[in-house]
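Listed here are the chains, written in short residue letters.
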Amino acid sequence: MEKPDLLILGLDRQALEIGLAIATLGGKVVVARTEETAVTQAIRDGEMLARLVSAGDPVAFEARRLATLEDIRRQRSTERLRAARIEVAIGTARFLDRRRVMIDEATFEPRRVLLASGRQATLPLEALRALFEHGEAPRRLILRGASAEALDLAGLLMRLGAQVTLVSESPVALDFDPDGVRLLLDRLERQGLARLSAMPPAGPADLPVWEIGSPLPALDRFELDKADIRLRDGRLVLRNGFETTNSRVLALGRAAEPDQPADASAVAHLIGRMFFRRSGKFGPQPRLRLLGGEGGLAETGLTEREVLDRGTVQIARAAFADADPSDLSGGFVKLLGDRKGRLLGASLYGPGSAERLPILALALGQGLTLTEIARLPFPAGSASDGIRLAAASPARGLLRSPGIQRAFRLFRFFG
């Protein structure tokens, strides 16, 4: 029976980074994988869509697609792992009890197990493989779903020349800022997106329908109940974001949070927690949420709906055109603050949004106020000027208050 320090079940990018770090320290690491390739897991996880969603035309898509495929194959290849002294076991893994895992006929008793198998495909996997692995986009199709992933895929397929009909029985991308989603939908409709609130009558037999399902982790094959690992509604029951109900088993990436991209900042924390007895909760950095690719909607922190549920808040807005009247992009900035002006969340829509948002994510993590954000040294551009205007708007609003105006008149009277 083999007793490695770490057994990784899957080919998640951050999990392999942890494995490489432990192998560098001299630990014994085993990666258990099925015949499924790293590219297929990246497609299933939504990683390929996230990395290619901003492609602006078929030529750019093809160049980026080939480069992305090469990067994934090289970085997560069996040859690279074995060169780093990581053992690769190909076969079906399943738990025998709380400590032991069987991979085909071999039995392992690792010190720690890392579930990194990703999520189940939310769209037809073969159709996605044709698109991302072979570059074959459909000419016409129906996308049925209301998730942010549906909107991203619709925009990408349209830029590749497909005629897309989006069928959504509920509001689209409900977890994003409603003003930004509305502007993004308006833009896509002007470019030819057809929207329906219900499935149309039967159309041509060759018109494919891609149903977008709910994201769930890909855990069915592991027989988790034998390891006392509990699930709730198909998802892992986790403590501190990563720890399962079996203290030897942790989860990372889409296996832990199927509707969120992997948090790269968790790698060092997990290494410390698994092998150096580091205690304490993991404090993740504010995550960036992107919708629509470059020039689309970028957000961090709480949403407007979540902020309003807290009670008294400040909502500061500014349009890119307020700073530059020649900007016709329709871009805007929305900053959400608490009663003391501390930033709780931010939304940007328009050119440069994705590039400017990390500064706001850092400000959010540092607990800066809107007044302090207005003084940050942003690079030039409409998005930056819009952020400054929005951050300064609460202070400008004070100048219009009756109390401040009376005090100003009083000071004028006394010279």
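## Some words on helix α6 (residues 125-132)
Phase 1 of the analysis: Among the residues of α6, Ala127, Leu128, Ala130, Leu131 and Phe132 are the ones counted as buried.
Phase 2 of the analysis: Among the structural elements, α2 (38-45), α3 (47-52), α4 (58-75), α7 (148-159) and β11 (209-211) are those in contact with the buried residues of α6.

## Focus on helix α12 (residues 353-365)
Phase 1 of the analysis: The end-to-end C-alpha distance of α12 is 18 Å, a good match for the 18 Å that 13 residues give at a rise of 1.5 Å each.
Phase 2 of the analysis: Buried within α12 are the following residues: Ser353, Arg356, Leu357, Leu360, Ala361, Ala363 and Leu364. Buried residues in α12, looked at end-on, bunch into an arc of 160 degrees, giving them a common side.
Phase 3 of the analysis: Just downstream of α12, Gly367 is the residue with a positive phi angle, here 70 degrees.

## Digging into the confidence of the model for the protein chain
Phase 1 of the analysis: Per-residue confidence for the protein chain gives a mean pLDDT of 88; residues scoring 70 or more make up 92%.
Phase 2 of the analysis: Looking across the protein chain, the model is least confident in helix α15 (residues 402-413), with a mean pLDDT of 55, and most confident in α4, with 96.

## Describing the sheet that holds strand β10 (residues 194-196)
Phase 1 of the analysis: Within the open sheet, the 4 strands sit side by side as β10-β9-β8-β11. Their pairing is parallel. The sheet terminates laterally at β10 and β11, the two strands that pair on one side only. Strand-to-strand, the axes of this sheet are offset by a mean angle of 20 degrees, without reference to chain direction.
Phase 2 of the analysis: As paired elements, strand β9 (residues 163-167) and β10 share 3 bridges and run parallel to each other. Counted as the bridge partner of Thr165 is Ala194 from β10.

## Thoughts on the environment of Ala268
Phase 1 of the analysis: For Ala268, the position within the fold is in helix α9 (residues 266-275).
Phase 2 of the analysis: Considering only alpha carbons, one finds Ala268 and Ala21, 247 residues apart in sequence, at a separation of 9.3 Å.

## Brief notes about the sheet that holds strand β6 (residues 106-108)
Remark on secondary structure: sheet strands pair via backbone hydrogen bonds, oriented parallel or antiparallel.
Phase 1 of the analysis: Taken together, the 3 strands give an open sheet; going across it, the order is β4-β5-β6, and neighbouring strands pair in antiparallel fashion. Only two strands of the sheet have a single partner each, and these edge strands are β4 (93-95) and β6. With strand direction ignored, the average angle separating the axes of adjacent strands in the sheet is 25 degrees.

## A closer look at the side chain of Thr40
Phase 1 of the analysis: The topology assignment puts Thr40 in helix α2.
Phase 2 of the analysis: Judged by its relative accessible area of 7%, Thr40 falls in the buried class.
Phase 3 of the analysis: For Thr40, the contacting residues outside a window of four places in its chain are Leu125, Arg129 and Glu133.

## Digging into the environment of Leu69
Phase 1 of the analysis: Here Leu69 lies in helix α4.
Phase 2 of the analysis: With relative accessibility at 2%, the residue Leu69 sits in the buried group.
Phase 3 of the analysis: A sequence separation of 27 residues divides Leu69 from Ala42, and the C-alpha atoms of the two residues are 9.5 Å apart.
Phase 4 of the analysis: Excluding residues within four positions of it along the chain, Leu69 makes contact with Val39, Met48, Phe132 and Glu133.

## What about the packing of aromatic side chains?
Phase 1 of the analysis: This structure, assessed with the given rule, holds 2 aromatic pairs.
Phase 2 of the analysis: When the centroid spacing of 6.5 Å and the interplanar angle of 50 degrees are considered together, the rings of Phe61 and Phe132 count as tilted. Residue Phe61 is located in helix α4, and its partner Phe132 is located in helix α6; the two are separated by 71 residues in the primary sequence.
Phase 3 of the analysis: In this structure Phe61 comes out as buried when scored by relative accessible area, which is 3%.
Phase 4 of the analysis: With a centroid separation of 6.2 Å and 25 degrees between ring planes, the pair formed by Phe332 and Tyr349 is classed as stacked.

## Some details on the side chain of Glu47
Phase 1 of the analysis: With respect to the secondary-structure elements, Glu47 resides in helix α3.
Phase 2 of the analysis: When its relative accessible area of 13% is taken as the criterion, Glu47 is described as buried.

## A few points about the packing of helix α1 (residues 13-24) against α9
Phase 1 of the analysis: Relative orientation of the contacting elements α1 and α9 amounts to 55 degrees, with a least axis distance of 10 Å. If you check the angle between α1 and α9, you find them oblique. Crossing of α1 over α9 shows right-handed handedness. Contacts between α1 and α9 involve Gln14, Glu17, Ile18, Ala21 and Ile22 on the former and, on the latter, Val267, Leu270, Ile271, Met274 and Phe275.
Phase 2 of the analysis: Considered class by class, the residues forming the contact of α1 with α9 number 8 nonpolar, 1 polar and 1 charged.

## Concerning the pattern of salt bridges
Phase 1 of the analysis: Under the counting rule described, the total for this entry stands at 30 salt bridges.
Phase 2 of the analysis: The network of salt bridges with common partners includes Arg13, Glu47, Arg51, Glu70, Asp71, Arg74 and Arg76.

## As for the packing of α2 against α6
Phase 1 of the analysis: For the pair α2 and α6, interaxial distance at closest approach is 10 Å and the crossing angle is 110 degrees. Looking at the two axes, α2 sits roughly perpendicular to α6. Here the hand of the crossing between α2 and α6 comes out right-handed. Each of Thr40, Ile43 and Arg44 in α2 lies in contact with α6, whose residues at this interface are Leu125, Leu128, Arg129 and Phe132.

## Some remarks on the pairing of β9
A regular strand places its side chains so that they alternate between the two faces of the sheet.
Phase 1 of the analysis: Across the 5 residues of β9, 4 count as buried, placing the element largely inside the fold.
Phase 2 of the analysis: Across 5 bridges, the pairing between strand β8 (residues 140-144) and β9 is parallel. Its bridge partner lying in β9, Leu143 is registered against Leu166.
Phase 3 of the analysis: Handedness of the crossover joining β8 and β9 through α7: right-handed.
Phase 4 of the analysis: In this region the chain leaves β9, passes through helix α8 (residues 178-190) and returns to the parallel neighbour β10; the handedness of that crossover is right-handed.

What counts, and at which threshold
- Residues numbered from 1 in each chain as written.
- Predicted model: local features only at pLDDT ≥ 70, side-chain atom pairs only at ≥ 80, totals over all residues.
- Heavy atoms only, no water.
- Buried < 20%, exposed > 50% of the residue type's maximum accessible area, 1.4 Å probe, protein only.
- Helix = DSSP H or I, 4+ residues; strand = E, 2+ residues; numbered from the N terminus.
- Contact = heavy atoms within 4.5 Å.
- Expected span 1.5 Å × (residues − 1).
- Arc of directions from axis to C-beta.
- pLDDT = per-residue confidence, 0-100.
- Pairing = 2+ DSSP bridges.
- Axes fitted to C-alpha atoms, helices over the stretch in contact; angles between N-to-C directions.
- Phe/Tyr/Trp six-rings, centres within 6.5 Å; stacked < 30°, edge-to-face > 60°.
- Parallel < 35°, antiparallel > 145°, perpendicular 65-115°, else oblique.
- Left-handed = near helix turned anticlockwise from the far one by under 90°.
- Nonpolar A, V, L, I, M, F, W, Y, C, P; charged D, E, K, R; others polar.
- Salt bridge = Lys/Arg side-chain N within 4 Å of Asp/Glu carboxyl O.
- Right-handed = clockwise from strand over helix to strand, strands pointing away.

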